[in-house]
Amino acid sequence: MVTPAPSLPKDFSQLSLTEAAELLAARKLPPVESWHPEREGDSFMEIHADGSWYHEGGRINRPAMVKLFSTILRREPDGSHVLVTPAEKLAIAVEDTPFRAVEMKSEGEGEGRKLVFRLDTDDLVMAGPDHPLTFGNDPDNPDPRLHVRGTVGNGLEARIDRALYYEIVEMALADAGEPPAIWSNGARFPLVDA
């Protein structure tokens with residue numbers, strides 16, 4: 001059974017790290033990684049690069065529906081995406097990443113910093129060892145992403161919005177490390193992947 005995402009405060013910036021941790025702990029997602037149904041097909045759904053969801057060409061305008069579908073989303077070993085339940089597995093097209101990180105809260109500095117991101121589905125993710133940040137290997141064309149769930153390296157990711165990326169760069173440069181990197185929850189993430 002899926003526990004609905006707890007309601008977030010109207011102003012995400014007013015959320016303390018303790019409150020964010022409580023909301024993260026309260027969230028229970030279905031065990032999609034353990035479901036392997038025999039019935040397969042196509043959902044006729046797609047997630048556009050801007051994070052909007054479509055079904056048969058029409059935009060899904062009900063946020064509650066998008067949130068529900070996002071809880072049964074999984075990335076397959078071949079890189080494709082599916083919506084999966086115990087009864088069926090349906091393909092879904094994803095243009096870029098299935099999620100967007102649209103707000104960020106930072107507490108602490110340097111190695112003691114913790115970054116919590118709010119996704120476009122109102123889910124919260126704290127960057128750290130289990131949820132790494134990556135920025136791509138081309139400093140002239142950054143590719144900022146946050147691992148959301150699934151297997152690191154082939155799981156579900158969120159595209160980090162440009163304004164948040166610039167905030168991360170400012171924090172990393174202020175920390176004056178070489179090469180520039182951002183810390184979160186005890187993990188260090190270089191601004192350019194090796």
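Quick note: structure is the one above.
Residues numbered from 1 in each chain as written. Predicted model: local features only at pLDDT ≥ 70, side-chain atom pairs only at ≥ 80, totals over all residues. Heavy atoms only, no water.

Draft legend 1. Representation of the pattern of salt bridges within the structure. One pass over the full model with this rule turns up 14 salt bridges. Between D175 and R113 there is a salt bridge whose closest N-O contact spans 2.9 Å. Here the residue D175 occupies a position in helix 3 (residues 162–175), and R113 occupies one in the loop between strand 7 (99–107) and strand 8 (114–119), the gap between them amounting to 62 residues. When its relative accessible area of 29% is taken as the criterion, D175 is described as partly exposed. Judged by its relative accessible area of 5%, R113 is buried. (Salt bridge = Lys/Arg side-chain N within 4 Å of Asp/Glu carboxyl O. Helix = DSSP H or I, 4+ residues; strand = E, 2+ residues; numbered from the N terminus. Buried < 20%, exposed > 50% of the residue type's maximum accessible area, 1.4 Å probe, protein only.)

Draft legend 2. Structural detail: the sheet that holds strand 3 (residues 58–59). With mixed pairing, the six strands of this open sheet are ordered in space as 3-2-1-6-5-4. Each edge of the sheet is formed by a strand with only one pairing partner; in this case those strands are strand 3 and strand 4 (73–75). Bridge count between strand 1 (residues 39–47) and strand 2 (residues 53–55): three bridges; the pairing is antiparallel. Bridge pairing in strand 2 links E46 to Y54. (Pairing = 2+ DSSP bridges.)

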